[in-house]
Amino acid sequence: MCGIVAYVGDKIASPIIMKGLQRLEYRGYDSAGIAILNGGMKIFKKKGKVNELLEVVNAASPSGTTGIGHTRWATHGEPNDINAHPHTSSDHSIALVHNGIIENCDTLREALKKLGHQFVSETDTEVLVHLISEFKNRYQVSLEESVRLSLEKIIGAYAIVVVDKNEPNLVVAAKKASPLVIGLGKNEFFLASDATPLIEHTREVVYLQDEEMAILRKGENLQIKSFQNEPQKPSIVELDLKIEELEKGGFPHFMLKEIHQQPETISDGMRGRLNAEHGWTRLGGMEPHREKFAKAERLIITGCGTSWHAGLIGEYLIEGLARLPVEVEYASELRYRNPIINSNDIVIALSQSGETADTLAALQHAKEKGAFIYGIVNSVGSSIARVTDAGSYIHAGPEIGVASTKAFTSQLTLLTLLALELGKIRNTLPKDYYLKLVSELNEIPNKVRNILAKENKIKEIASSIQNSNNALYLGRGYNFPVALEGALKLKEISYIHAEGYPAAEMKHGPIALIDENMPVVVLATNLSAYDKIISNIQEVKARKGKVISIITEGDKKIRALSDFAVEIPKTAEPLTPLLSVIPLQLLSYHIAVMRGCNVDQPRNLAKSVTVE
Ligand code: G6P
């Protein structure tokens, strides 16, 4: 949440920073701003998308070679020009951008007001820049020292970058709980909330650790220090990311590109981990810990949003195939409700971004209780990946559309592999069933391709329900979490109210809502509950609901009962979510486009939620 970019070097800073902010816009897009040091300090801030700021900056084309920028997702204070970052000290000499939340901002603001500081915005961030200026002037210390002294007074989560117009070749940064990556160039430094703004400039990066400060001075070596002022040795990492991965590649939206990438991203998640020809699976990340997994009495899966939905399917997979008890908990609940966790537990963290604040905090809590932490993460080198004891990357590549699609199916791929491994270790999977699942999993990418080829049919369905105000999604067993995910996709990007339900629960409430205006999407592929699903569909039809069913290829019976049906290829039941979710992603996408919504950047949402 909120994106930060900074530059210090020989080049004109503003184009580098503006391009970087565009790359980070998925993190927040309600307002943006930059500060450029060019003898004095020039600040440009604008409510709205980065492009609106870009027009203003292009018109002024500021010439300085040091600067900081920010794209905001509002926490304190509505999105407007004044609340946009950077914020400045009263004398306009110091400017700061911030990602995170300063929890004790009210107390500090009152104290600073008494000392004569004048506040102009409603943000928590402004408190910190006044505090830095207060210490700098009071103790006549350097920018670095005043930042350090200020952070001692701050409670909360932050990544901050600060510049001082009297130090035109210096950028000071610090972090606690929110991410910051430093890019190393020749006689120049780049800084950003993630590596995507850096790759066109450098491959060498340093991930700043919690409670570290970075001192970036043009012409000097990178200096990293702990909050206790002890020098730290920077650990340089080579980036493995291609620029094409960050472009739309001919698709009108990132979300559509990412939906269509799924045959490849699912294969990437299986590469080196599954061999259908020889009938084996392996998960390198868990191999050194087989003993721990063999002895575990239960697993706790945690995550947020779409990752939490993947976790629910993980529960069905692991309990079904490995007979190991699994609990799935929202990270935000796990971190605060004093759960019973002990050293025999394995906590599995699911996260696309690897930066979700609630998931990170839940893991830290579980770690303190002695649990072993296994991460299933997309973003390489992210905070969650670093906090885990072991884990497996999903290798889905950068996901930029705010509504998660390819990360979900990649998470399912990894959870399936994990369940298969656990089934082997715990001797719960008959060999022939294991081999069947291995071979079926190997076929999934082709079957996804087959479903993607039905996009036009799905578009027709989208057109017939695009004006609905509500929608219901029903599924049983493995398809119940898919119903939740389908409903989430629709509400996130088209703003149609949608709910997902276990199909059998419909009669305990949602049935009251059904009339001729209510589209009901029924995931009807489970052979194990076939007749029961037919009854559910009949209950909907009896109340004039419009049934859109996702059926197994060749299912004439449910097709005849439905207003619309999308066929998906047959697979083993535990693998159906990998297929049944695809038409739901396409349906939401096309409905949102037809309604004129901003698909990649839906209102009020952000891709990476780094605040509570
Ligand atoms: C936000 C995103 C969702 C995502 C959730 C969890 O709400 O908009 O798409 O599922 O965060 O994010 P994570 O990166 O931890 O998977």
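Before reading further, recall that the structure is shown in the block above.
A few points on the structure. Given the structure is predicted, the values throughout are model-derived calculations rather than measurements. One numbering rule holds for all chains: residues counted from 1, following each sequence as written. The predicted nature of this model means local features are confined to residues of pLDDT at least 70 and side-chain atom pairs, given and counted, to a pLDDT of 80 or more, with totals for whole chains, interfaces and linings taken over all residues. Only hydrogens and water are set aside when side-chain values are computed; all heavy atoms of the structure are taken into account.

1. With respect to the packing of helix α14 (residues 431-452) against helix α19 (residues 576-594)
Working step 1: At a minimum axis distance of 9 Å, the contact between α14 and α19 shows a crossing angle of 25 degrees. Taken together, the axes of α14 and α19 are roughly parallel relative to one another. Relative to α19, the crossing made by α14 is right-handed. Residues Leu 441, Ile 444, Lys 447, Val 448, Ile 451 and Leu 452 of α14 form the contact with α19, whose participating residues are Leu 578, Leu 579, Ile 582, Pro 583 and Leu 586.
Working step 2: By residue class, the composition of the contact of α14 with α19 is 10 nonpolar, no polar and one charged. The convention used is that axes are lines fitted to C-alpha atoms, helices contributing only their stretch in contact, and that angles between N-to-C directions extend from 0 to 180 degrees. Secondary structure counts use DSSP, requiring at least four H or I residues in a row for a helix and at least two E residues in a row for a strand, with both numbered from the N terminus. Throughout, the term roughly parallel applies to angles under 35 degrees, roughly antiparallel to angles over 145, roughly perpendicular to angles from 65 to 115, and oblique to all others. By the definition used in this description, the sense in which the near helix is turned from the far one sets the handedness, with an anticlockwise turn below a right angle giving left-handed and a clockwise turn giving right-handed. Residue contacts are defined here by distance: any two heavy atoms, one from each residue, within 4.5 Å place the two residues in contact. Residue type decides the class: Asp, Glu, Lys and Arg count as charged, Ala, Val, Leu, Ile, Met, Phe, Trp, Tyr, Cys and Pro as nonpolar, and the leftover types, Gly among them, as polar.

2. Let's talk about unusual backbone geometry
Working step 1: In this model, His 85 is joined to Pro 86 through a cis peptide bond whose omega is 0 degrees.
Working step 2: Residue position: Pro 86 is located in the loop between β4 (66-72) and β5 (87-88).
Working step 3: For Asn 427, which is not a glycine, the phi torsion comes out positive at approximately 60 degrees.
Working step 4: Within the fold, Asn 427 resides in the loop between α13 (406-425) and α14.
Working step 5: Although it is not a glycine, Tyr 495 sits at a positive phi angle of roughly 65 degrees.

3. As for the packing of aromatic side chains
Working step 1: To pair, rings of Phe, Tyr and Trp, with the six-membered ring standing in for Trp, must have centres within 6.5 Å; the planes then decide the type, stacked if under 30 degrees apart, edge-to-face if over 60, and tilted in the middle. Considering all chains together, one arrives at seven aromatic pairs under this definition.
Working step 2: Plain terms: the ring middles of Phe 293 and Phe 372 are 6.3 Å apart, the flat faces sit at 85 degrees to each other, and that makes the pair edge-to-face. Placement of the pair is Phe 293 in helix α8 (residues 290-295) and Phe 372 in strand β21 (residues 372-377), with a sequence separation of 79 residues.
Working step 3: Ring-pair connections join several aromatic residues into one group, and the members of that group are Phe 293, Phe 372 and Tyr 374.
Working step 4: Note on criteria: charge over ring means Lys NZ or Arg CZ within 6 Å of the ring centre, with the direction from the centre no more than 35 degrees off the ring normal. If you follow Arg 109 out to its NZ or CZ, it ends over the ring of Phe 119, 5.8 Å from the centre.
Working step 5: Positioned above the aromatic ring of Tyr 495, the side-chain terminus of Arg 603 is 3.8 Å from the ring centre.

The values reported here are purely geometric and, on their own, carry no functional implication.
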